[in-house]
Amino acid sequence: FCRTRYPDNDADALAMTQTRVSTKDPVAINHFGECCCLGTNGQQKDVPRAITLWTKAAELGSIKALFNLGIRYENGDGVEQDKAKAVQFYKKAAMHGWVEARHNLGCCEVRMGNSDRAVRHFL
């Protein structure tokens, strides 16, 4: 897949993504979840489906999917809002080097009144 030229239309892009999804590629599954969440690449906006796809991608090792799940749980977008679960997803993503997850952890700590812990995430 890595040397295949990216398609210039939504139908071909969707077909390429679905081929990679069928091989259980966590990056492709995460990407397909983002398409479902945003309603891009010919997909209807379907946040619950995106949550399902991100959960699968996270189980297969996608760090970005962990981050995406954290955002959804923090904001209650497509799932019941659960700040504790959001923090868990952010921690997992941050431990694997996802910088934005570390930043969001710092923001969560600030909101909980733990400014000393927040500073550690921001440094």
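None of the values given here were measured: they were computed from a predicted structure. (Residues numbered from 1 in each chain as written. Predicted model: local features only at pLDDT ≥ 70, side-chain atom pairs only at ≥ 80, totals over all residues. Heavy atoms only, no water.)

Thoughts on the overall build of the protein
Okay, so step 1: Helix and strand counts for the protein stand at 7 helices and 0 strands.
Okay, so step 2: Helices (α) and strands (β) of the protein occur, in sequence order from the N terminus, as α-α-α-α-α-α-α.
Okay, so step 3: Dimensions along the principal axes, computed over C-alpha positions, put the protein at roughly 50 × 30 × 25 Å.
Okay, so step 4: Evaluated residue by residue, the protein yields a buried proportion of 41% over its 123 residues.
Okay, so step 5: Looking at the protein alone, contacts between residues at least 24 apart form 31% of all its contacts between residues at least 6 apart.
Okay, so step 6: Of the roughly 7500 Å² that the protein leaves accessible, carbon and sulfur atoms contribute 52%.
Okay, so step 7: Side chains of the protein carry 17 positive and 14 negative charges; the gap between the two charge centres is 5 Å. (Helix = DSSP H or I, 4+ residues; strand = E, 2+ residues; numbered from the N terminus. Buried < 20%, exposed > 50% of the residue type's maximum accessible area, 1.4 Å probe, protein only. Contact = heavy atoms within 4.5 Å. Areas by Shrake-Rupley, 256 points an atom, 1.4 Å probe, with all protein chains shown as cover. Lys, Arg positive; Asp, Glu negative; His and termini not counted. Charge placed at Lys NZ, Arg CZ, Asp CG, Glu CD.)

A closer look at the packing of aromatic side chains
Okay, so step 1: Counted under the stated rule, the structure contains 3 aromatic pairs.
Okay, so step 2: Between Phe-67 and Trp-98 the ring centres are 6.3 Å apart and the planes differ by 40 degrees, which places this aromatic pair in the tilted class. With Phe-67 in helix H4 (residues 63–75) and Trp-98 in the loop between helix H5 (83–95) and helix H6 (99–111), this residue pair connects regions lying 31 residues apart in the sequence.
Okay, so step 3: By relative accessible area, Phe-67 is classed as buried at 11%.
Okay, so step 4: Their ring planes at 25 degrees and their centres at 5.6 Å tell us that Tyr-73 and Phe-89 sit as a pair that is stacked. One end of the pair, Tyr-73, is in helix H4; the other, Phe-89, is in helix H5, and 16 residues separate them in sequence. (Phe/Tyr/Trp six-rings, centres within 6.5 Å; stacked < 30°, edge-to-face > 60°.)

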